Amino acid sequence: MRAVALAAILIIHFNATVTGYFTLPHKLFASVLPFGIYLGDFGSSLFFMVSGAALALTVPETQSPLVFYKKRAKAIYPLFWLAWGICFSLRFLAKPGYYAAAKSPTLILTVLGLDNFAVAAGWVGMDFACVGEWFLGSILFLYLLFPLLSRGLQRAPLLTWLFALVVCLPIHWMGLDAHLVAIHLLEFLFGMQYLSMKKKHRVITAVACMAGTVMLANVDSKITCALFSVVAFTLLAGISKWLDYPWPRAICAKLAKISYAVFLVHHVLIQRMAEQFDLTALTRRDTAFFFLIYLAAVWAAAEALLWLQNLLKKGFTAMRARG
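Residues numbered from 1 in each chain as written. Predicted model: local features only at pLDDT ≥ 70, side-chain atom pairs only at ≥ 80, totals over all residues. Heavy atoms only, no water.

1. Regarding the pattern of salt bridges
- Summed over all chains, the structure comprises 6 salt bridges.
- Of the charged contacts in the structure, one is a salt bridge between Arg249 and Asp244, with a shortest N-O distance of 2.5 Å.
- When its relative accessible area of 43% is taken as the criterion, Asp244 is described as partly exposed.
- Ionic contacts of the salt-bridge type, sharing partners, join the residues Lys95, Arg272 and Glu275 into one network. (Salt bridge = Lys/Arg side-chain N within 4 Å of Asp/Glu carboxyl O. Buried < 20%, exposed > 50% of the residue type's maximum accessible area, 1.4 Å probe, protein only.)

This is the structure in structure tokens:
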């Protein structure tokens, strides 16, 4: 599921960049799925669901919120700060005036991983945003709520769902969260719930969501995408047993392992690469070559980032041992 979500995000950001953010005709991929669903929204929705399911699967019920927050911070921030430091330095050297309008106090948002989220939400007009996208800020909010949601599902699942729907849907419809959190909280909660659902309940839920997708098509794109993503999530879970062979397992495991590093570097990389081309002159064949080179470059950059992180970890560990 992470592999599918990652593919959707890589494709949509490549497509957006080489079409001048949709000012030029599509030359390789479409940006919209059936029922008017934006491919980027679909990939993000899958990621939120997978994140919820992964945490529900791996976090012990007895784990304290403080321990959970520490582990999440260790999993997210070191690699984020490393990627940000590298990308910010390169951009600052290439375009010294790029961050002239950014206010120094907003560096706090960068330290917290909320910079792109803050810009997308309209909190600030300009920040030191460099890597991470709005998604990182959204998932951080959901991580903050995970212990509460987990306890709610354990003790009173129906009441937890009712409360989440009553709170999240009005917030989404009124746009109070800039459509960055409320619907995604419901997707995250579904991922958490999925593992404990009986098979027939999973099927019933998927069928109901498919009907909702058809009825709400072109009415509310975010809700339509969430419903469609539930169907896709259920289908992917259902067919996964037929893919349980060494090669598919190894490929998907590798993609899942590097997905966070890829997420951090891919958008900056494609933007820098596209600056070297006359986008209006790209043919379909050239765009296909460009896409393959982009995938290779993203993979290499992600691997290099993870290698550098491991190298720094070993260095800090050695320094502590000597100290």
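2. Brief notes about the packing of aromatic side chains
- If you walk through the whole model with that rule in mind, you get 31 aromatic pairs.
- Their ring planes at 80 degrees and their centres at 6.4 Å tell us that Phe22 and Tyr38 sit as a pair that is edge-to-face. With a gap of 16 residues between them, Phe22 in the loop between α1 (2-18) and β1 (32-33) and Tyr38 in strand β2 (residues 37-38) connect regions that are remote in the sequence.
- Relative accessible area serves as the criterion here: at 39%, Phe22 is assigned to the partly exposed category.
- On the accessibility criterion, Tyr38 (31% relative accessible area) is partly exposed.
- The interplanar angle of 45 degrees and the centroid separation of 6.0 Å between the aromatic rings of Phe291 and Tyr294 together place this pair among those described as tilted. Here Phe291 pairs with Tyr294, and both are found in helix α12 (residues 284-322), just 3 residues apart, close to one helical turn. Of the two residues, Phe291 and Tyr294, both sit in the buried class.
- Aromatic ring contacts, followed pair by pair, group Phe14, Phe29, Phe277, Phe290, Phe291 and Tyr294 into a single cluster.
- Here Arg72 stacks its cationic end above the ring of Tyr143, 5.3 Å away from the centre of that ring.
- Of note, Arg91 hangs over the ring of Tyr98, and the distance from its end group to the ring centre comes to 4.7 Å. (Phe/Tyr/Trp six-rings, centres within 6.5 Å; stacked < 30°, edge-to-face > 60°. Helix = DSSP H or I, 4+ residues; strand = E, 2+ residues; numbered from the N terminus. Lys NZ or Arg CZ within 6 Å of the ring centre and 35° of its normal.)

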